[in-house]
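Commentary on secondary and tertiary structure
In case you want the letters, here they are:
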Amino acid sequence: GQQLNQSPQSMFIQEGEDVSMNCTSSSIFNTWLWYKQEPGEGPVLLIALYKAGELTSNGRLTAQFGITRKDSFLNISASIPSDVGIYFCAGYSSASKIIFGSGTRLSIRP
Amino acid sequence: EAQVTQNPRYLITVTGKKLTVTCSQNMNHEYMSWYRQDPGLGLRQIYYSMNVEVTDKGDVPEGYKVSRKEKRNFPLILESPSPNQTSLYFCASSRQGTSGPYNEQFFGPGTRLTVL
């Protein structure tokens, strides 16, 4: 089946640093989504991307839909303690199945 | 308050004992999905439903059943649970918007299931 490779699996960074994570797919997607999950809760949507090449920001978060439609990245600028959590990418192509990446666990050194 | 509710939140059961996890949403959403989350694997879609009486398999449907008799409810049924179905389960709902069915997807709080 379709797979999403998300990297890195985990990051341990200093507060104030910028963060970058990405997802690649073996298949083309029409939509890429980025979610954040905090302990004990379900994922919450951060950014949705609908067109190849699209660059979208949400506060300190910026995500891009790759030109090939097979990849996407998420950047977080000037990280703060509340950015801690697990970040997931997800993609889908039609009104059918959605595929999630395996997640990037972000931890911040005080 | 707009929300997706799941019950139970925690369940420990034994192999082969049928169980149902309920999911209900109060937002009149067309789409509903069930996911399981396992360490290192992210979320995997089990089943999804596009509307009442319309369901289809996700990526990992084996061992699960669903039904969508009413728009607000989407129960997940394990007819004969096995230990490999021990996992964290999430229900989610969303509108069939012009940008696609999974945008603005609201997730429930999760159900942690242990099958002994």
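First things first, this report covers the structure right here in the doc. Bear in mind that the values here come from a model prediction, so they are computed numbers and not experimental data.

A few words on the overall build of chain B. Counting its secondary structure elements, chain B contains 0 helices and 11 strands. From first element to last, N terminus to C terminus, chain B shows the α and β order β-β-β-β-β-β-β-β-β-β-β. The globule rule puts the C-alpha radius of gyration for 116 residues at 13 Å, and the 13 Å found for chain B is close to it. Projected onto the principal axes, the alpha-carbon positions of chain B cover approximately 45 × 30 × 25 Å. For chain B, the residues scored as buried account for 51% of the 116 residues in total. Contacts spanning at least 24 positions in sequence make up 55% of the contacts within chain B whose residues lie at least 6 apart.

Another point: the overall build of chain A. Scanning chain A from terminus to terminus reveals 0 helices and 11 strands. Scanning chain A from its N terminus toward the C terminus, one meets helices and strands in the order β-β-β-β-β-β-β-β-β-β-β. Over its C-alpha atoms chain A spans a radius of gyration of 13 Å, differing by no more than 12% from the 13 Å that the globule rule assigns to 110 residues. A principal-axis box enclosing the C-alpha atoms of chain A has dimensions of 40 × 25 × 20 Å. Per-residue burial over chain A gives 45% buried out of 110 residues. Across chain A, every contact between residues at least 6 apart in sequence was considered, and the portion connecting residues at least 24 apart equals 52%.

What follows concerns the nonpolar core. Counting 22 residues, the largest nonpolar core has W32, W34 and L74 of chain A as its most contacted members. Elements supplying a minimum of two residues to this core: β2 (10-14), β3 (19-25), β4 (31-37), β5 (44-49), β7 (61-65), β8 (71-76), β9 (85-92) and β11 (104-109) of chain A. Membership of the second largest hydrophobic core comes to 19 residues, among which are V21, M32, Y47 and L113 of chain B.

Time to look at the sheet that holds strand β8 (residues 76-78) of chain B. Residue and element names in this part refer to chain B. Pairing is antiparallel across the open sheet formed by 4 strands, whose spatial order is β1-β3-β8-β7. Of all the strands in the sheet, the pair left with one neighbour each is β1 (4-7) and β7 (65-66). Looking at chain direction, β7 and β8 are connected through 2 bridges and run antiparallel. Opposite K65, over in β8, you have I77 as the bridge partner.

A few words now on a nonpolar patch on the surface. Nonpolar side chains collect at one region of the surface, where I12, V14 and L116 of chain B lie side by side and expose about 320 Å² of accessible area between them. Position of I12 of chain B relative to the elements: it lies in strand β2 (residues 10-13).

This brings us to unusual backbone geometry. For the peptide bond that leads from S7 of chain A to P8 of chain A, omega is -5 degrees, which places it in the cis range. Within the fold, P8 of chain A resides in the loop between β1 (4-7) and β2. Cis geometry is found at the peptide bond from N7 of chain B to P8 of chain B, where omega equals -5 degrees. Structurally, P8 of chain B can be placed in the loop between β1 and β2. Positioned with a positive phi, N28 of chain B is a non-glycine residue whose angle comes to about 60 degrees. Along the chain, the position of N28 of chain B falls in the loop between β3 (19-25) and β4 (31-38). Judged by its relative accessible area of 53%, N28 of chain B falls in the exposed class.

Cut-off values and rules
- Residues numbered from 1 in each chain as written.
- Chains lettered and ligands numbered in written order.
- Predicted model: local features only at pLDDT ≥ 70, side-chain atom pairs only at ≥ 80, totals over all residues.
- Heavy atoms only, no water.
- Helix = DSSP H or I, 4+ residues; strand = E, 2+ residues; numbered from the N terminus.
- Rg over C-alpha atoms; globule rule 2.2 N^0.38 Å.
- Buried < 20%, exposed > 50% of the residue type's maximum accessible area, 1.4 Å probe, protein only.
- Contact = heavy atoms within 4.5 Å.
- Core = buried A, V, L, I, M, F, W, Y, C linked by side-chain atoms within 4.5 Å.
- Pairing = 2+ DSSP bridges.
- Patch = residues over 30% accessible without salt bridge, like charges linked within 9 Å, V, L, I, M, F, W, Y side chains within 5 Å.
- Areas by Shrake-Rupley, 256 points an atom, 1.4 Å probe, with all protein chains shown as cover.
- Salt bridge = Lys/Arg side-chain N within 4 Å of Asp/Glu carboxyl O.

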